[in-house]
Structure formats: structure tokens, C-alpha cells
Amino acid sequence: MLIFGVAMGALFAVLFCVVYPRATSVGPRSLSLLLAAAAFGAAYLVPFVKYPPNPPAVGQADTIRARTGWYLVMVLASVVLAIAVVWLARRLAARLGAWNGRLLAAGAYLVAVAVVAVLLPTSDETPGPLRDAAGAIVYPGFPADVLYEFRLLSLGTQLLLWATIGLVFATLAGRLLGERADSVRAPSIAA
């Protein structure tokens, strides 16, 4: 998890560096928090709804590659659609105003993600109870409460990861970019 967190932090830093010069109305701290929330939503939460994680004991070994592939397709589609929505929101804001443009773009994202989720195949491999020839339950199957707890803890772990990335980056970016902005403003105020 530590290596994954460092990798996501590095990708987040690159994303921030690409977006920050274009985000003129938002400060570095707010932008960091917004980007972290958007990254959590697009890269984890939306794919989580279609393909929630399973513990290692759940699922068939011969379908792991296919399930992983479809999950990555969902992640990629969600991220690409999120980027497209930002572009669409900027275009619609010029015509409809900022609030209406963003709201319409968010609705378009939800519709597009729903269409992608419906088109992708489902994956439900949670083992049910095993029965003998007489119909008696021999093995109760995978406990639903354990599966629910695993998924909830997985969601909490990702939420903690992205909140930490956003808060730490917001603090550091605010200090670094705030100091630079102050040093640039100071000579212009004196003049």
C-alpha cells in the first residue's frame, strides 16, 4: 500500500502541475483538495460501484485476468470521461454560465459512466452454499458479512489514501506557491 500511495502521489503531483497554471480562479490548496476528491471519485469510487473488490478467497482463479482487465477498462473509462467533463464544463460555462455548465457536465458524466457500466460485463463470483445430492447445505459459502467488511475497509483505505494525498499536498503546495506568490506580489505593491 505504501508503494501504491507513493506512485499515486507522484501521479497526483504531475496532475497538479498540469492543471494549476490553467486554474486561475482556485488557489493551490483548494485545487489540491478538489483534485484529490476528483481522483478518488474517478479512479476508485466509480469503478468500485461496478466492480467492488473481493478478498483473495472469493472468485475463480481462471477468471482473475478477465476481471482485472474489465476493472481497468472501467477505471480508464471513468478517468477519460472525467477529463472530458472538465473540458465540456469549460465550454458550457461560456454559453450557460459557470454553475449551469458545471451542473450539465456533471450530469453528462453520470450518464456516460452509467452507459459504460451497463455495457461492460458483470462479474459475480461470490461462492454460494454447496449442497449435497439431498439438498442439504454442506458448505455455507462465503460469509456475506466478511465480504461486506472487506469492501468497506477497502473503500475506507482508498478514502484515507486520497484524503492524505490531498491534505499533505495542499499544505505543501500552499506553502511553496503561497510564498512564491507573496514574493512576486511584494515588489509590485512597493512600486
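Everything below is about the structure printed above this text.
The present account deals with the structure reproduced in this document. All values reported here derive from a predicted model rather than from experimental measurement.

**Structural notes on the nonpolar core**
Reasoning step 1: With 17 residues, the main nonpolar core has Phe12, Phe16, Trp162 and Ile165 as its most contacted residues.
Reasoning step 2: Within the residue set of this core, elements represented by two or more residues are α1 (2-19), α2 (28-50) and α5 (144-190).
Reasoning step 3: Per element, the largest residue contribution to this core is 7 residues, and it comes from α2.
Reasoning step 4: Grouped together as the second largest cluster of nonpolar side chains are 11 residues, Ala42, Val46, Met74 and Tyr109 included.

**Re the side chain of Gln158**
Reasoning step 1: The residue Gln158 is located in helix α5 in this model.
Reasoning step 2: Assessed through its relative accessible area of 10%, Gln158 is described here as buried.
Reasoning step 3: The contact partners of Gln158, leaving out residues within four places of it in the chain, are Met1, Phe4, Phe40 and Tyr44.

**Topic: the packing of α2 against helix α3 (residues 64-96)**
How two helices sit against one another is set out by the angle between their axes and by the gap between those axes.
Reasoning step 1: It is at 9 Å that the axes of α2 and α3 come closest, and there the two elements cross at 130°. Here α2 lies oblique to α3, going by the angle between them. For the pair α2 and α3, the crossing hand works out as right-handed. Here Ala42, Ala43, Tyr44, Val46, Pro47 and Lys50 of α2 come into contact with α3, specifically with Tyr71, Met74, Val75, Ser78, Val79 and Ala82.
Reasoning step 2: Residues of the contact of α2 with α3, tallied by class, amount to 10 nonpolar, 1 polar and 1 charged.

**Regarding the environment of Leu88**
Reasoning step 1: Inspection of the secondary structure puts Leu88 in helix α3.
Reasoning step 2: In this structure Leu88 comes out as partly exposed when scored by relative accessible area, which is 26%.
Reasoning step 3: Spatially, the C-alpha atoms of Leu88 and Leu120 are 24 Å apart, while their sequence positions differ by 32 residues.
Reasoning step 4: Once residues lying within four places of it in the same chain are set aside, the contact partners of Leu88 are Ala105 and Ala108.

**Details of helix α4 (residues 98-119)**
Reasoning step 1: With 22 residues, α4 should cover 32 Å at 1.5 Å per step; its first-to-last C-alpha distance of 32 Å lies within 8% of that length.
Reasoning step 2: By the burial criterion, the buried members of α4 are Gly101, Ala105, Tyr109, Val113 and Ala117. Projected down its long axis, α4 shows its buried positions confined to an angular sector of 135°, all on one face. In α4, the exposed positions that point more than 90 degrees away from the buried face belong to Trp99, Leu103, Leu110, Val111, Val118 and Leu119.
Reasoning step 3: On its buried side, α4 packs onto α2 and α3.

Rules of the game
- Numbering of residues begins from 1 in every chain and follows the order in which that chain's sequence is written.
- A pLDDT threshold of at least 70 governs which residues receive local features in this predicted model, and a stricter bar of 80 or more applies before side-chain atom pairs are shown or counted, although totals over entire chains, interfaces and linings include all residues.
- Values reported for side chains reflect all heavy atoms of the structure, with hydrogen atoms and water molecules removed beforehand.
- Residues grouped as a nonpolar core are buried Ala, Val, Leu, Ile, Met, Phe, Trp, Tyr and Cys residues, joined through side-chain atoms within 4.5 Å.
- Buried residues are those whose accessible area, probed at 1.4 Å on protein chains only, stays under 20% of the maximum for their type, while exposed residues exceed 50% and partly exposed ones sit between those limits.
- By definition, any uninterrupted DSSP run of H or I lasting at least four residues is a helix, any uninterrupted run of E lasting at least two residues is a strand, and each is numbered from the N terminus.
- Whether two residues are in contact is decided by their heavy atoms: any pair within 4.5 Å suffices.
- Axis definition: a line fit to C-alpha positions, over the contact stretch in the case of helices; interaxial angles, taken between N-to-C directions, run 0 to 180 degrees.
- Relative orientations are named as follows: roughly parallel for angles under 35 degrees, roughly antiparallel for angles over 145 degrees, roughly perpendicular for angles from 65 to 115 degrees, and oblique for any other angle.
- In this scheme the handedness of a crossing depends on how the near helix is turned from the far one: anticlockwise by less than a right angle means left-handed, clockwise means right-handed.
- Classes in brief: Ala, Val, Leu, Ile, Met, Phe, Trp, Tyr, Cys and Pro nonpolar; Asp, Glu, Lys and Arg charged; the others, Gly included, polar.
- An expected span of 1.5 Å times one less than the residue number is assigned to each helix.
- Arc, as used here, means the arc of the directions from the helix axis to the C-beta atoms.

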